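Okay, here's what each chain looks like letter by letter:
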Amino acid sequence: SDWPLHIKFVDDTSALEIIPRNSTSLLNIVASDIHNFAATHNMRLNPVKCKEMRINFLHNSNCLINPIILGGDVIECVNTYKILGVIIDKDLKWNSHIEYITEKACKKLYSLRVLRRAGVSQANILKIYLSIVRPVLEYATPVWQAIPDYLSDVIERIQKRALKIIYPEAESYNHALQLTKLDRMDVRREYLCIKYISKMKSPQHPIHHLLPRPFFNESKYDLRRNLPKFYLYKNVTYCKTKRAETFFTFRYF
């Protein structure tokens, strides 16, 4: 609990560390403290289920990062890590996660075909799609909504296939959307992000403090470039990258 960068959900705990340039990692000490805490409270950690992932965009990195050792076992260093159902790549791209959710959704499309052959009404099959297929494609949308068009098209094709199964008489994908009164998946993601941001604006929301707040660089002079600057995460870190600018807390705020 003394380590500031940690995430805990039920029995799942993740410790994070931001290593300044040319500095050493302290995460080994943190992992040792967690191991000792568990042993003191008669719990045993499973090193096989523990993973390490390093995110590094430096071209010339001199950081000394030793392998994390937990109870005498070396923790595996991985390129992707699944946390609470979301797969994160070490390059912070969402290719692996999109591949995972689309593959999972494709397997569920078979149930729609079975229901169609069994003579179930189109309205009921549509309800099944909205209940077990589309939620897979929308899980944790605000986290990964800033995906490139080619990944967005992959998700869109899943809904296109589903509607083709349910409404084979539809002349086109747009016609099927009109029959079902559904939105495209990219439009749907925009709606979900806006809806979640509206909830975050409440001061009682658990992550309300993560919303960007304006910081005005007031000046006594009338300068052309005297524009308001925005900070990210408690107004500490500048929003300098495109990745941060397209994150849902900025894009839909």
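Within any chain, residue numbers begin from 1 and follow the written order of that chain's sequence. Owing to the predicted nature of the model, reporting of local features is limited to residues with pLDDT of at least 70; listing and counting of side-chain atom pairs is limited to 80 or more, with chain, interface and lining totals taken over all residues. Processing note: side-chain calculations cover all non-hydrogen atoms of the structure and skip hydrogens and water entirely.

Caption draft 1: Spatial organisation of the overall build of the protein. In terms of helices and strands, the protein carries ten helices and eleven strands. Remark: exposure states derive from per-residue accessible area (1.4 Å probe, protein chains only) relative to the maximum for the residue type, with buried under 20%, exposed over 50%, and partly exposed in between. Out of the 253 residues in the protein, the part that is buried amounts to 28%. In these tables, accessible area is a Shrake-Rupley quantity obtained with a 1.4 Å probe, and a residue counts as shielded only by the protein chains included in the view. Accessible surface computed for the protein: about 17,400 Å², of which carbon and sulfur atoms make up 55%. Put simply, DSSP H or I for four residues or longer makes a helix, DSSP E for two residues or longer makes a strand, and each gets a number counted from the N terminus.

Caption draft 2: Structural view of the nonpolar core. Side-chain atoms within 4.5 Å are what join buried Ala, Val, Leu, Ile, Met, Phe, Trp, Tyr and Cys residues into a set we call a nonpolar core. In terms of nonpolar packing, the biggest core is built from 29 residues, with Ile98, Leu112, Tyr129 and Ile155 touching the most fellow members. Looking at this core, the elements that each hand over two or more residues are α2 (95-117), α3 (122-138), α5 (149-166) and α6 (173-180). A total of seven residues in this core trace back to one element, the largest contributor, which is α5. Contacts are assigned to residue pairs that have any heavy atoms within 4.5 Å of one another. Those residues in contact with isoleucine 98 that lie beyond four places of it in its chain are Trp144, Ile147, Leu151, Val154 and Ile155.

Caption draft 3: Main features of the pairing of strand β1 (residues 6-9). Two strands form a pair only when DSSP identifies at least two bridges running between them. In this sheet, strand β2 (residues 12-15) lies alongside β1 in antiparallel orientation, the contact comprising four bridges. Bridge pairing links isoleucine 7 to serine 14 in β2. The antiparallel pairing of β1 with β2 creates a hairpin that spans two residues between the two strands, and valine 10 there sits at a positive phi of about 55°.

Caption draft 4: Region of interest: the packing of α5 against helix α7 (residues 185-200). Angles run from 0 to 180 degrees between N-to-C directions of axes, and those axes are lines fitted to C-alpha atoms, restricted for helices to the stretch in contact. Here α5 crosses α7 at 105°, and the two axes come no closer than 9 Å. Relative to α7, α5 is oriented roughly perpendicular. In contact with Ser152, Ile155, Glu156 and Gln159 of α5, α7 contributes Met185, Asp186 and Arg189. If an angle is under 35 degrees, it is roughly parallel; if it is over 145, roughly antiparallel; if it lies from 65 to 115, roughly perpendicular; otherwise it is oblique.

Caption draft 5: Layout of the pattern of salt bridges. Here, a salt bridge means any Lys or Arg side-chain nitrogen found within 4 Å of an Asp or Glu carboxyl oxygen. Taken as a whole and assessed by the stated rule, the structure comprises seven salt bridges. Glutamate 76 is the partner of lysine 51 in a salt bridge, and the nearest nitrogen-oxygen pair spans 2.6 Å. Of this pair, lysine 51 sits in strand β3 (residues 51-52) while glutamate 76 sits in strand β6 (residues 76-77), and the two are 25 residues apart along the sequence. Here lysine 51 falls in the partly exposed class, since its relative accessible area comes to 35%. Between arginine 54 and glutamate 52 there is a salt bridge; the shortest N-O distance is 2.8 Å.

Caption draft 6: Examining the environment of proline 47 more closely. Tracing the backbone through its elements, the reader meets proline 47 in the loop between α1 (27-40) and β3. Along the sequence, proline 47 and aspartate 73 sit 26 residues apart, while their C-alpha atoms lie 6.6 Å from each other. Ignoring any residue separated from it by four or fewer positions in sequence, one finds proline 47 in contact with Leu70, Asp73 and Ile75.

Caption draft 7: Seen up close, the packing of α5 against α6. Interhelical geometry of α5 versus α6 gives an angle of 70° and a closest axis separation of 10 Å. Accordingly, the angle class assigned to the pair α5 and α6 is roughly perpendicular. Considering how the two elements wind past one another, α5 and α6 form a crossing that is left-handed. On α6, the residues touching Glu156, Gln159, Lys160 and Leu163 of α5 are Tyr173, Ala176, Leu177 and Thr180. Among the residues making up the contact of α5 with α6, the classes are represented as four nonpolar, two polar and two charged. For any helix crossing, the convention is left-handed if the near helix is rotated counterclockwise from the far helix by under a right angle, and right-handed if that rotation is clockwise. The nonpolar class holds Ala, Val, Leu, Ile, Met, Phe, Trp, Tyr, Cys and Pro. Asp, Glu, Lys and Arg form the charged class, and all remaining residues, Gly among them, are polar.

Caption draft 8: View of the environment of leucine 26. Position of leucine 26 relative to the elements: it lies in the loop between β2 and α1. Separated by 42 residues in sequence, leucine 26 and isoleucine 68 have C-alpha atoms that sit 9.7 Å apart.

Caption draft 9: Molecular detail of the packing of aromatic side chains. Pairing of aromatic rings covers Phe, Tyr and the six-membered ring of Trp, with a centre-to-centre limit of 6.5 Å; geometry is then stacked below 30 degrees between planes, edge-to-face above 60, and tilted otherwise. Using the criterion set out here, one finds two aromatic pairs in the structure. When the centroid spacing of 6.0 Å and the interplanar angle of 50° are considered together, the rings of tyrosine 196 and phenylalanine 248 count as tilted. In this pair, tyrosine 196 is assigned in helix α7 and phenylalanine 248 in helix α10 (residues 248-251), connecting sequence segments 52 residues apart. You can call tyrosine 196 partly exposed: its relative accessible area is 28%. The class of phenylalanine 248 is buried, set by a relative accessible area of 6%. Judged by centre distance (5.0 Å) and plane angle (70°), the ring pair of phenylalanine 247 and phenylalanine 248 falls under edge-to-face. The class of phenylalanine 247 is partly exposed, set by a relative accessible area of 23%. Here the aromatic cluster, defined as three or more aromatic residues joined through ring pairs, consists of Tyr196, Phe247 and Phe248.

Purely geometric numbers; function is a separate question.
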